[in-house]
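Chain by chain, the residues:
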Amino acid sequence: MGSQTARNIEILNQNIADLKGDLNVSFEFFPPTSEAMEDTLWQSIDRLKTLKPKFVSVTYGANSGTRDRTHSVIKEIKDRTGLVAAPHLTCIDASKDELKQIALDYWNSGIKNIVALRGDIPAGSDKPHMYATDLVRLLKEQADFDISVAAYPEVHPEAKNAQADLLAFKDKMDAGADRAITQFFFDVESYLRFRDRCAAIGITQEIVPGILPVSNYKTLVKFSKLCNVKVPGWMHKLYDGTDNDPTTRNLIGASIAMDMVKVLGQEGVKDFHFYTLNRSELSYAICHTLGLRP
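These numbers come from a predicted model, not from an experiment.

**Section: unusual backbone geometry**
- Of note, V155 is a non-glycine position whose phi angle comes to about 80 degrees, a positive value.
- For V155, the position within the fold is in the loop between β5 (146-151) and α6 (162-174).
- Even without being glycine, N228 reaches a positive phi, approximately 60 degrees.
- Looking at the element boundaries, N228 is found in the loop between α8 (217-227) and α9 (233-239).
- Under the relative-accessibility criterion, N228 is labelled partly exposed at 36%.

**Comments concerning the environment of N228**
- Each C-alpha atom, one on N228 and one on V155, is 7.2 Å from the other, the two residues being 73 residues apart in sequence.
- Apart from the residues lying within four places of it in its own chain, the contact partners of N228 are E154, V155 and P157.
- A distance of 2.8 Å separates a polar atom in the side chain of N228 from the backbone oxygen of E154.
- A polar contact of 2.9 Å, which involves the side chain of N228, links it to the backbone oxygen of V155.

**So, helix α11 (residues 281-289)**
- Turning to α11, its buried residues number three or more, namely L282, S283, Y284, I286 and C287.
- Positive phi shows up at G291, right after α11, with a value of about 105 degrees.

**Description of the sheet that holds strand β6 (residues 179-184)**
- If you walk around this closed barrel you meet the eight strands as β1-β2-β3-β4-β5-β6-β7-β8, and the pairing is parallel. Pairs of neighbouring strands in the sheet enclose a mean axial angle of 30 degrees, with direction left out of account.
- Sheet topology note: the strand β7 (residues 206-211)/strand β8 (residues 271-275) ladder contains two bridges and is parallel. Within the sheet, the bridge partner assigned to I211 lies in β8 and is F274.
- Against the sheet, helix α5 (residues 132-142) engages β3 (85-90), β4 (113-117) and β5, with an angle of about 150 degrees to β4.

**Regarding the packing of helix α4 (residues 96-108) against α5**
- Taken N-terminus to C-terminus, the directions of α4 and α5 make an angle of 50 degrees; their axes are 10 Å apart at the nearest point. By the angle between their directions, the pair α4 and α5 is classed as oblique. Our pair here, α4 against α5, has a crossing hand that is right-handed. Of the residues in α5, those touching α4 at K96, L99, K100, A103 and L104 are L135, L138, L139 and Q142.
- Per-class residue counts for the contact of α4 with α5 are six nonpolar, one polar and two charged.

**Some thoughts on the packing of aromatic side chains**
- In the structure shown here, the tally under the stated rule is seven aromatic pairs.
- Ring plane angle 80 degrees and centroid distance 5.1 Å describe the contact between W107 and F145, whose orientation is recorded as edge-to-face. Of this pair, W107 sits in helix α4 while F145 sits in the loop between α5 and β5, and the two are 38 residues apart along the sequence.
- Taken together, the ring pairs connect F184, F186 and F223 into an aromatic cluster.
- When the ring centre of Y284 is taken as reference, the NZ or CZ atom of R47 above it lies at 4.0 Å.
- We note K112 situated over the ring of W107; from NZ or CZ to the ring centre the distance is 4.6 Å.

**Some thoughts on the pattern of salt bridges**
- Tallying each qualifying case throughout the model produces 13 salt bridges.
- With a shortest N-O distance of 3.9 Å, R193 and D187 are connected by a salt bridge.
- Judged by its relative accessible area of 47%, R193 is partly exposed.

Rules of the game
Residues numbered from 1 in each chain as written. Predicted model: local features only at pLDDT ≥ 70, side-chain atom pairs only at ≥ 80, totals over all residues. Heavy atoms only, no water. Helix = DSSP H or I, 4+ residues; strand = E, 2+ residues; numbered from the N terminus. Buried < 20%, exposed > 50% of the residue type's maximum accessible area, 1.4 Å probe, protein only. Contact = heavy atoms within 4.5 Å. Polar contact = N/O pair within 3.5 Å; in protein donor to acceptor, adjacent residues only side chain to side chain. Pairing = 2+ DSSP bridges. Axes fitted to C-alpha atoms, helices over the stretch in contact; angles between N-to-C directions. Parallel < 35°, antiparallel > 145°, perpendicular 65-115°, else oblique. Left-handed = near helix turned anticlockwise from the far one by under 90°. Nonpolar A, V, L, I, M, F, W, Y, C, P; charged D, E, K, R; others polar. Phe/Tyr/Trp six-rings, centres within 6.5 Å; stacked < 30°, edge-to-face > 60°. Lys NZ or Arg CZ within 6 Å of the ring centre and 35° of its normal. Salt bridge = Lys/Arg side-chain N within 4 Å of Asp/Glu carboxyl O.

As structure tokens, then:
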């Protein structure tokens, strides 16, 4: 057995609980659009809150109606659970004055963490009037928010090239972001290379890997193409033949995510952000296996 193979086995057998330092997690949810979805959301929040996440975030789409739902869910999470709740906020479909008002409303409601994003540009729309860097500056001018921004280890799909994307990312971090959360990925090396490139140009803030436990593989493949996320060939093989077998898909998804977190943990990563899709089962099981207990 080669030394690298032995090392890989050692890494995969290593329990996160045995690594130096504590593991921190955060979870992302989205606003429910039906009563059944609302029940699922709160069941998930109630279960995952026992793991004492660093914060939970709530997404929203580019329109004021969804933004209001996000605002409502965020406040309810804070009031019902006491968790640190971070709403997503985008520049799309809001003027600077509206964004200032939203920010102050959050701050006055005791919500001091925000995930600042440019947001998706609606089809047929013009170039946005603001970008995430502008939003970070605007938020910091209103109050001392704790701000998370997005990072793209495999390059933003609209970027000219990797270097241009990296420099734009540095601008965003220099504007006052406290950390970055990455787009989901499956190639661990892409995250590690990105982290090295960030360090080389002076980015010192934490770059938290975004982990997506995959249950619906076909949907993932379609979505990954839009997001410029590489789905490795070995994943195609693992999910092959599971179209009508959700239990096996869930087990595969949990296994992949566990292995990723273990390897990243050995590389010094201590914080992980889970894209839950409003379900608690996979994220809870992964965290439990990795040493996080209520």
